[in-house]
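Examining the three-dimensional arrangement
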Amino acid sequence: MKARIAEVFESVQGEGLYLGEKQIFVRFFNCNLSCVYCDTKLDRFMEYEPHELFDEIKLYRDKYHSVSFTGGEPLLYKDFLKEILKLTSKHGHKHYLETNGTLFFELEEIIDRIDIVAMDLKFPSSSGMGNLWPMHKKFLKVAVKKEVFLKAIICQATLEEDLREALGLIKEISPSSVLVLQPNSYENQPVLNEKLSRFKEIANQQKVTTCVIPQMHKIVGLR
Ligand code: SF4
């Protein structure tokens with residue numbers, strides 16, 4: 001069984017609650033979505049068997065917080081993930097899954113071996129992906145078995161009704177989870193800052209913990 005993998009590398013986490021943690025990144029090729037703000041332009045990949053990827057991961061000998069499975073969308077390769085997660089578990093690695101939060105059947109099959117789920121929420125008003133709330137809801141119900149935090153890109157186009165939908169989802173399924181608001185790095189920051197403070201105020205009223213964390217890898221030029 002092979003997976004298409006765009007790159008394997010070490011770096012520090014550039015976004016979310018584990019910002020700054022040193023990780024081994026495995027970036028899977030391809031995605032089931034096509035968000036308007038996507039800047040993950042993958043045009044090359046290599047095919048790996050699980051044991052080949054494991055051999056490559058073993059070459060990284062420093063101390064790492066975890067192995068980050070990212071993309072694209074890693075859950076497109078759930079059968080491959082099942083195998084590689086068995087191998088890396090034996091090796092004592094923690095597993096961090098970076099996902100767009102839609103493939104809930106696939107998550108169900110591997111959640112036992114995942115430690116941290118970094119789940120995107122695709123707001124219809126800014127992602128251009130239409131209504132993914134039913135999928136996000138089913139996904140979060142599975143993800144909540146492990147540590148999970150959520151992330152949403154905030155653009156000038158983002159509507160308050162999407163934030164309210166997200167807050168409702170979190171309150172219903174995983175009230176202790178944090179929502180990370182990520183200003184779109186390519187838009188006018190002062191305009192976004194105003195919107196972000198208003199969004200934080202709404203979240204406070206709803207008693208959902210949010211924080212504003214920019215995508216630092218884009219700002220400081222990390223991979
Ligand atoms: S889910 Fe992520 S990788 Fe996929 S299209 Fe959207 S931003 Fe790009």
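Scroll up to find the structure.
The following refers to the structure shown.

Thresholds, definitions, all that
Residues numbered from 1 in each chain as written. Predicted model: local features only at pLDDT ≥ 70, side-chain atom pairs only at ≥ 80, totals over all residues. Heavy atoms only, no water. Near = heavy atom within 4 Å. Nonpolar A, V, L, I, M, F, W, Y, C, P; charged D, E, K, R; others polar. Phe/Tyr/Trp six-rings, centres within 6.5 Å; stacked < 30°, edge-to-face > 60°. Helix = DSSP H or I, 4+ residues; strand = E, 2+ residues; numbered from the N terminus. Buried < 20%, exposed > 50% of the residue type's maximum accessible area, 1.4 Å probe, protein only. Expected span 1.5 Å × (residues − 1). Contact = heavy atoms within 4.5 Å. Salt bridge = Lys/Arg side-chain N within 4 Å of Asp/Glu carboxyl O. Axes fitted to C-alpha atoms, helices over the stretch in contact; angles between N-to-C directions. Parallel < 35°, antiparallel > 145°, perpendicular 65-115°, else oblique. Left-handed = near helix turned anticlockwise from the far one by under 90°. Pairing = 2+ DSSP bridges.

What follows concerns the site of the ligand. By nearness alone, every residue bordering the ligand is listed as C31, L33, S34, C35, C38, G72, N100 and K122. Counted by class, the shell around the ligand contains four nonpolar, three polar and one charged residues.

A word on the packing of aromatic side chains. Summed over all chains, the structure comprises 10 aromatic pairs. Considering the side-chain rings of F29 and F45, the 4.7 Å spacing of their centres and the 50° angle between planes classify their relative orientation as tilted. Note that F29 is positioned in the loop between β2 (22-28) and β3 (46-48) and F45 in the loop between β2 and β3, a separation of 16 residues in sequence. On the accessibility criterion, F45 (33% relative accessible area) is partly exposed. Relative to W133, the ring of F123 has its centre 5.8 Å away and its plane inclined at 45°; by these criteria the two rings are tilted. Residue F123 is located in the loop between β6 (116-120) and α4 (124-127), and its partner W133 is located in helix α5 (residues 133-143); the two are separated by 10 residues in the primary sequence. As far as burial versus exposure is concerned, F123 and W133 are alike and both buried.

With that settled, consider helix α6 (residues 160-173). Its 14 residues give α6 an end-to-end C-alpha distance of 20 Å, which sits within 8% of 20 Å, the value for a rise of 1.5 Å per residue. Residues of α6 that are buried in the fold lie against α4, α5, β7 (147-154), β8 (179-183) and α7 (189-205).

On to the pattern of salt bridges, then. Between side chains of opposite charge, a pair can form when the charged atoms approach closely. Counted under the stated rule, the structure contains 17 salt bridges. The shortest N-O distance in the salt bridge between K78 and E109 comes to 3.9 Å. On the criterion of sequence distance, the pair formed by K78 in helix α2 (residues 78-90) and E109 in helix α3 (residues 104-110) is long-range, its members being 31 residues apart. Classification of E109 as partly exposed rests on a relative accessible area of 40%. Connected via shared salt-bridge partners are E15, E98, D120, K122 and K151.

It is worth spelling out the side chain of D162 at this point. You can see D162 is positioned in helix α6. D162 has contacts with F123, P124, S125 and W133, leaving out every residue within four places of it along the chain.

As for its placement among the helices and strands, A118 is situated in strand β6. The spacing of A118 and G16 is 102 residues in sequence and 7.6 Å in space, taken between C-alpha atoms.

With that settled, consider the packing of α5 against α6. Packing of α5 against α6 leaves a shortest axis separation of 10 Å and a crossing angle of 25°. By the criterion of interaxial angle, the relationship of α5 to α6 is roughly parallel. In the packing of α5 onto α6, the handedness of the crossing is right-handed. Here W133, H136, K137, L140 and K141 of α5 come into contact with α6, specifically with D162, E165, A166, L169, E172 and I173. Taken together, the residues that form the contact of α5 with α6 break down as five nonpolar, one polar and five charged.

Right, let's get into the sheet that holds β7. Strand order across the open sheet formed by nine strands is β3-β1-β2-β4-β5-β6-β7-β8-β9, with mixed pairing between neighbours. Both outer strands of the open sheet, β3 and β9 (210-212), are each paired with one neighbouring strand and no more. Averaged over all neighbouring strand pairs, the angle between strand axes comes to 30°, with direction disregarded. Across three bridges, strand β4 (residues 66-70) lies against strand β5 (residues 95-99) in parallel orientation. Counted as the bridge partner of S68 is Y96 from β5.

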